[in-house]
Amino acid sequence: MKRIYLEITDACNLNCPFCTYEKGHDFMPFDKIEDCIRQIRPFCNYVYLHILGEPLLHPDFDRILDLLDVNEMNLQLVTNGTLLNKHPDLLLHPCLRKLSISLHSTNNLDVSDDYFTTIDHLLEKERNTVIELRFYDSDSLKGKLKDYLNRLKERYPFEITSKKNSWRLKDNVYVYYEELFEWPKIGDPVINDTGTCHGGVDMLGITVDSRVTLCCLDPKAHNAIGSLEESSFADIISSPAYKKHVQEFKAHVISSPLCKRCSYRLRFR
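This is a predicted model, so every value here is computed, not measured.

(A) Inspection of the packing of helix α1 (residues 30–40) against helix α2 (residues 61–70) at higher detail. Interhelical geometry of α1 versus α2 gives an angle of 20° and a closest axis separation of 11 Å. As far as their axial angle goes, α2 and α1 are roughly parallel. Read as a crossing pair, α1 and α2 show a hand that is right-handed. Contacts between α1 and α2 involve Phe30, Ile33, Glu34 and Ile37 from the former and Arg63, Ile64, Leu67 and Leu68 from the latter. Classifying every residue of the contact of α1 with α2 gives six nonpolar, no polar and two charged.

(B) Just helix α6 (residues 240–250), in detail. Taken as a whole, α6 has its buried residues at Tyr242, His245, Val246, Glu248 and Phe249. Considered in projection along α6, the buried side chains sweep an arc of 165° and stay on one side of the axis. α6 presents Pro240, Gln247 and Lys250 as exposed residues on the side facing more than 90 degrees away from its buried surface. In this structure, the buried residues of α6 make contact with β9 (203–206), β11 (224–227), α5 (233–236) and α7 (257–260).

(C) View of the nonpolar core. Counting residues in each nonpolar core, the largest one holds 66 residues, and the members touching the most others are Leu6, Ile101, Leu103, Leu133, Phe135 and Leu152. Once residues lying within four places of it in the same chain are set aside, the contact partners of Leu103 are Tyr115, Phe116, Ile119, Leu133, Arg134, Phe135, Leu145 and Tyr148.

(D) How the structure looks around the pattern of salt bridges. In total, this model carries 16 salt bridges according to the counting rule given. Notably, a salt bridge pairs Glu124 with Arg155, separated by 3.8 Å at the nearest N-O pair. Of this pair, Glu124 sits in helix α3 (residues 113–124) while Arg155 sits in helix α4 (residues 143–155), placing them 31 residues apart in sequence. Residue classification places Arg155 among the partly exposed positions, given a relative accessible area of 39%. Residue classification places Glu124 among the partly exposed positions, given a relative accessible area of 45%. Bridged by salt links that share partners, the residues Lys98, Glu132, Arg134, Lys163 and Glu178 form one connected network.

(E) View of the layout of surface pockets. For the largest pocket, the calculated volume is near 1200 Å³. Broken down by secondary-structure element, the contributors of at least two residues to the lining of the largest pocket are β1 (3–6), β3 (74–79), β4 (96–102) and β5 (130–135). Across the lining of the largest pocket, the residue classes break down as 24 nonpolar, eleven polar and 14 charged.

The rules behind these values
Residues numbered from 1 in each chain as written. Predicted model: local features only at pLDDT ≥ 70, side-chain atom pairs only at ≥ 80, totals over all residues. Heavy atoms only, no water. Axes fitted to C-alpha atoms, helices over the stretch in contact; angles between N-to-C directions. Helix = DSSP H or I, 4+ residues; strand = E, 2+ residues; numbered from the N terminus. Parallel < 35°, antiparallel > 145°, perpendicular 65-115°, else oblique. Left-handed = near helix turned anticlockwise from the far one by under 90°. Contact = heavy atoms within 4.5 Å. Nonpolar A, V, L, I, M, F, W, Y, C, P; charged D, E, K, R; others polar. Buried < 20%, exposed > 50% of the residue type's maximum accessible area, 1.4 Å probe, protein only. Arc of directions from axis to C-beta. Core = buried A, V, L, I, M, F, W, Y, C linked by side-chain atoms within 4.5 Å. Salt bridge = Lys/Arg side-chain N within 4 Å of Asp/Glu carboxyl O. 1 Å grid on protein atoms, 1.4 Å probe; cavity = no way out; pocket = protein on both sides within 12 Å on 5 of 7 lines; lining within 4 Å. Points joined across faces, edges and corners; volume = space filled by probe spheres on them.

Written out as C-alpha coordinates, the structure is:
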(Lines give C-alpha, C1' and ligand atoms only; values in the text may rest on other atoms or scores of the structure.)
Protein backbone atom coordinates (compact mmCIF):
# COMPACT_ATOMS: atom_id res chain seq x y z
CA MET A 1 0.00 0.00 0.00
CA LYS A 2 1.43 3.36 -1.01
CA ARG A 3 0.11 5.47 1.87
CA ILE A 4 -2.24 5.52 4.83
CA TYR A 5 -4.09 8.57 6.12
CA LEU A 6 -4.08 8.56 9.92
CA GLU A 7 -6.46 11.17 11.32
CA ILE A 8 -4.81 12.16 14.60
CA THR A 9 -7.43 14.88 15.10
CA ASP A 10 -10.57 16.14 13.38
CA ALA A 11 -10.23 19.55 15.05
CA CYS A 12 -9.14 22.61 13.09
CA ASN A 13 -8.37 26.22 13.97
CA LEU A 14 -9.78 27.57 10.68
CA ASN A 15 -13.15 27.54 8.97
CA CYS A 16 -12.40 27.26 5.26
CA PRO A 17 -15.33 27.58 2.84
CA PHE A 18 -14.08 24.71 0.64
CA CYS A 19 -14.13 22.31 3.62
CA THR A 20 -17.82 21.55 3.97
CA TYR A 21 -17.61 19.27 7.00
CA GLU A 22 -18.17 20.58 10.51
CA LYS A 23 -15.05 20.86 12.60
CA GLY A 24 -14.61 18.15 15.19
CA HIS A 25 -13.02 18.27 18.61
CA ASP A 26 -11.47 14.82 19.03
CA PHE A 27 -7.81 13.92 19.36
CA MET A 28 -6.57 10.36 18.98
CA PRO A 29 -4.73 9.45 22.21
CA PHE A 30 -1.02 8.83 21.82
CA ASP A 31 -1.27 5.19 22.87
CA LYS A 32 -3.89 4.63 20.12
CA ILE A 33 -1.61 6.30 17.57
CA GLU A 34 1.24 4.11 18.75
CA ASP A 35 -0.91 1.03 18.26
CA CYS A 36 -2.01 2.18 14.79
CA ILE A 37 1.57 2.71 13.68
CA ARG A 38 2.59 -0.69 15.02
CA GLN A 39 -0.20 -2.39 13.10
CA ILE A 40 0.15 -0.60 9.76
CA ARG A 41 3.95 -0.61 9.59
CA PRO A 42 4.23 -4.11 8.04
CA PHE A 43 1.99 -2.98 5.16
CA CYS A 44 3.02 0.62 4.52
CA ASN A 45 5.85 2.99 5.40
CA TYR A 46 4.28 6.25 4.20
CA VAL A 47 1.73 8.07 6.34
CA TYR A 48 -0.28 11.29 6.21
CA LEU A 49 -1.59 12.68 9.52
CA HIS A 50 -4.99 13.92 8.43
CA ILE A 51 -8.33 13.18 6.90
CA LEU A 52 -9.99 16.17 8.44
CA GLY A 53 -8.31 18.37 11.00
CA GLU A 54 -5.12 20.35 11.46
CA PRO A 55 -2.43 17.88 12.63
CA LEU A 56 -0.24 20.53 14.27
CA LEU A 57 -3.01 21.07 16.84
CA HIS A 58 -2.34 17.65 18.38
CA PRO A 59 -0.71 18.11 21.83
CA ASP A 60 1.59 15.13 21.18
CA PHE A 61 2.60 16.16 17.69
CA ASP A 62 6.36 16.12 18.37
CA ARG A 63 6.10 12.71 20.05
CA ILE A 64 4.21 11.43 17.01
CA LEU A 65 7.07 12.52 14.74
CA ASP A 66 9.54 10.66 16.93
CA LEU A 67 7.28 7.61 16.89
CA LEU A 68 7.24 7.63 13.08
CA ASP A 69 11.01 7.96 13.00
CA VAL A 70 11.56 5.04 15.40
CA ASN A 71 9.32 2.91 13.19
CA GLU A 72 11.16 4.04 10.04
CA MET A 73 8.04 5.58 8.53
CA ASN A 74 7.96 8.53 6.14
CA LEU A 75 5.62 11.46 6.67
CA GLN A 76 3.89 13.77 4.23
CA LEU A 77 2.49 16.56 6.35
CA VAL A 78 -0.38 18.69 5.06
CA THR A 79 -1.08 21.78 7.18
CA ASN A 80 -2.77 25.16 6.88
CA GLY A 81 0.51 26.62 8.10
CA THR A 82 -0.84 28.80 10.89
CA LEU A 83 1.01 26.86 13.61
CA LEU A 84 4.34 26.31 11.87
CA ASN A 85 6.02 29.01 13.96
CA LYS A 86 5.52 26.76 17.00
CA HIS A 87 7.66 24.06 15.36
CA PRO A 88 10.81 25.84 14.15
CA ASP A 89 12.81 22.61 13.77
CA LEU A 90 10.15 20.69 11.87
CA LEU A 91 12.10 20.57 8.60
CA LEU A 92 15.02 18.89 10.36
CA HIS A 93 13.01 15.92 11.55
CA PRO A 94 14.23 12.77 9.77
CA CYS A 95 10.74 11.30 9.23
CA LEU A 96 9.45 14.29 7.25
CA ARG A 97 9.67 13.80 3.49
CA LYS A 98 7.29 16.48 2.28
CA LEU A 99 5.61 19.49 3.82
CA SER A 100 2.51 20.72 1.97
CA ILE A 101 1.20 24.08 3.12
CA SER A 102 -2.38 24.84 2.09
CA LEU A 103 -2.07 28.58 1.70
CA HIS A 104 -5.50 28.72 0.07
CA SER A 105 -6.87 28.09 3.56
CA THR A 106 -6.13 31.74 4.37
CA ASN A 107 -7.72 33.29 1.28
CA ASN A 108 -10.80 34.46 3.19
CA LEU A 109 -8.97 35.27 6.41
CA ASP A 110 -7.14 38.36 7.58
CA VAL A 111 -3.96 36.55 8.62
CA SER A 112 -1.07 38.42 10.14
CA ASP A 113 2.09 39.19 8.20
CA ASP A 114 3.89 36.76 10.52
CA TYR A 115 2.16 33.90 8.71
CA PHE A 116 3.92 34.71 5.45
CA THR A 117 7.18 35.59 7.23
CA THR A 118 7.25 32.12 8.77
CA ILE A 119 6.81 30.52 5.34
CA ASP A 120 9.53 32.74 3.85
CA HIS A 121 11.94 31.56 6.54
CA LEU A 122 11.10 27.92 5.80
CA LEU A 123 11.85 28.42 2.11
CA GLU A 124 15.32 29.71 2.91
CA LYS A 125 16.30 26.95 5.34
CA GLU A 126 18.70 24.19 4.35
CA ARG A 127 16.91 20.87 4.19
CA ASN A 128 16.24 17.72 2.19
CA THR A 129 12.50 17.96 2.78
CA VAL A 130 10.30 18.98 -0.16
CA ILE A 131 8.07 22.00 0.45
CA GLU A 132 4.91 22.42 -1.59
CA LEU A 133 2.91 25.64 -1.41
CA ARG A 134 -0.68 24.86 -2.38
CA PHE A 135 -3.07 27.35 -3.94
CA TYR A 136 -6.46 26.89 -5.55
CA ASP A 137 -7.21 28.77 -8.75
CA SER A 138 -4.93 31.80 -8.67
CA ASP A 139 -7.61 33.95 -10.31
CA SER A 140 -9.73 33.68 -7.15
CA LEU A 141 -7.01 34.86 -4.78
CA LYS A 142 -7.40 38.17 -2.99
CA GLY A 143 -5.88 40.38 -0.32
CA LYS A 144 -2.66 39.36 1.39
CA LEU A 145 -2.62 35.90 -0.18
CA LYS A 146 -2.74 37.33 -3.71
CA ASP A 147 0.02 39.78 -2.77
CA TYR A 148 2.13 36.94 -1.40
CA LEU A 149 1.83 34.89 -4.59
CA ASN A 150 2.87 37.94 -6.59
CA ARG A 151 5.91 38.40 -4.31
CA LEU A 152 6.87 34.77 -4.88
CA LYS A 153 6.69 35.33 -8.63
CA GLU A 154 9.00 38.32 -8.29
CA ARG A 155 11.57 36.38 -6.23
CA TYR A 156 11.59 32.98 -7.93
CA PRO A 157 11.62 31.75 -11.55
CA PHE A 158 8.50 29.50 -11.42
CA GLU A 159 9.96 26.80 -13.67
CA ILE A 160 7.33 24.47 -15.11
CA THR A 161 7.66 20.80 -14.07
CA SER A 162 6.44 17.49 -15.43
CA LYS A 163 3.69 17.45 -12.79
CA LYS A 164 0.46 19.08 -13.87
CA ASN A 165 -0.14 22.53 -12.31
CA SER A 166 3.23 22.49 -10.55
CA TRP A 167 6.08 25.00 -10.72
CA ARG A 168 9.57 24.79 -9.23
CA LEU A 169 10.77 27.84 -7.30
CA LYS A 170 14.13 26.46 -6.13
CA ASP A 171 15.59 23.15 -5.02
CA ASN A 172 12.87 21.15 -3.25
CA VAL A 173 10.40 24.05 -3.26
CA TYR A 174 7.30 24.01 -5.46
CA VAL A 175 4.06 25.90 -5.99
CA TYR A 176 1.08 23.72 -6.85
CA TYR A 177 -2.28 24.95 -8.06
CA GLU A 178 -4.76 22.40 -6.78
CA GLU A 179 -8.03 21.74 -8.53
CA LEU A 180 -10.98 22.60 -6.32
CA PHE A 181 -13.11 19.58 -5.48
CA GLU A 182 -16.34 18.84 -3.64
CA TRP A 183 -16.27 16.54 -0.64
CA PRO A 184 -18.65 13.65 -1.42
CA LYS A 185 -21.75 13.30 0.76
CA ILE A 186 -24.41 10.62 0.97
CA GLY A 187 -27.13 13.20 0.24
CA ASP A 188 -25.57 14.29 -3.05
CA PRO A 189 -26.97 13.15 -6.41
CA VAL A 190 -25.51 9.95 -7.83
CA ILE A 191 -22.94 10.63 -10.55
CA ASN A 192 -22.58 7.10 -11.94
CA ASP A 193 -21.82 3.54 -10.87
CA THR A 194 -18.82 2.87 -13.09
CA GLY A 195 -15.22 3.96 -12.76
CA THR A 196 -12.27 3.38 -10.52
CA CYS A 197 -10.31 4.95 -7.66
CA HIS A 198 -7.06 4.59 -5.72
CA GLY A 199 -9.08 4.31 -2.51
CA GLY A 200 -8.58 0.91 -0.95
CA VAL A 201 -6.22 -0.12 -3.74
CA ASP A 202 -3.26 2.18 -3.04
CA MET A 203 -4.39 3.86 0.18
CA LEU A 204 -6.61 3.60 3.22
CA GLY A 205 -7.74 6.00 5.93
CA ILE A 206 -7.98 5.56 9.69
CA THR A 207 -10.37 8.00 11.34
CA VAL A 208 -9.82 9.62 14.71
CA ASP A 209 -12.08 6.98 16.30
CA SER A 210 -9.99 4.13 14.79
CA ARG A 211 -12.30 3.08 11.95
CA VAL A 212 -10.53 1.92 8.79
CA THR A 213 -12.06 3.37 5.63
CA LEU A 214 -11.26 3.12 1.95
CA CYS A 215 -10.78 6.81 1.36
CA CYS A 216 -9.14 10.02 2.57
CA LEU A 217 -12.36 11.86 1.60
CA ASP A 218 -14.51 9.81 3.96
CA PRO A 219 -14.30 11.40 7.44
CA LYS A 220 -17.67 9.92 8.43
CA ALA A 221 -16.37 6.44 7.52
CA HIS A 222 -19.28 5.51 5.29
CA ASN A 223 -16.89 3.11 3.57
CA ALA A 224 -15.57 1.63 6.80
CA ILE A 225 -14.28 -1.91 6.39
CA GLY A 226 -13.58 -2.42 10.08
CA SER A 227 -12.41 -0.83 13.31
CA LEU A 228 -9.09 -1.21 15.07
CA GLU A 229 -11.10 -1.26 18.30
CA GLU A 230 -12.54 -4.59 17.22
CA SER A 231 -10.10 -6.19 14.77
CA SER A 232 -6.46 -6.03 13.81
CA PHE A 233 -5.38 -4.11 10.73
CA ALA A 234 -4.06 -7.34 9.22
CA ASP A 235 -7.45 -9.03 9.65
CA ILE A 236 -9.32 -6.02 8.25
CA ILE A 237 -7.35 -5.96 4.98
CA SER A 238 -7.75 -9.72 4.71
CA SER A 239 -11.52 -9.49 5.07
CA PRO A 240 -14.04 -10.24 2.30
CA ALA A 241 -15.43 -6.69 2.59
CA TYR A 242 -12.07 -5.13 1.77
CA LYS A 243 -11.26 -7.57 -1.02
CA LYS A 244 -14.69 -6.98 -2.57
CA HIS A 245 -14.09 -3.23 -2.83
CA VAL A 246 -10.64 -3.71 -4.36
CA GLN A 247 -11.93 -6.18 -6.92
CA GLU A 248 -14.78 -3.85 -7.85
CA PHE A 249 -12.52 -0.84 -8.34
CA LYS A 250 -10.20 -2.88 -10.51
CA ALA A 251 -13.23 -3.98 -12.56
CA HIS A 252 -14.49 -0.36 -12.80
CA VAL A 253 -17.59 -1.18 -10.77
CA ILE A 254 -18.78 1.34 -8.16
CA SER A 255 -21.12 -0.11 -5.53
CA SER A 256 -20.48 2.14 -2.53
CA PRO A 257 -23.22 4.79 -2.09
CA LEU A 258 -20.58 7.39 -1.18
CA CYS A 259 -18.32 6.53 -4.11
CA LYS A 260 -21.25 6.81 -6.53
CA ARG A 261 -21.54 10.45 -5.44
CA CYS A 262 -17.83 11.29 -5.51
CA SER A 263 -16.60 13.55 -8.32
CA TYR A 264 -12.96 13.34 -7.21
CA ARG A 265 -12.66 9.75 -8.48
CA LEU A 266 -13.49 11.00 -12.00
CA ARG A 267 -9.83 12.08 -12.17
CA PHE A 268 -8.85 8.41 -12.32
CA ARG A 269 -9.61 6.81 -15.66
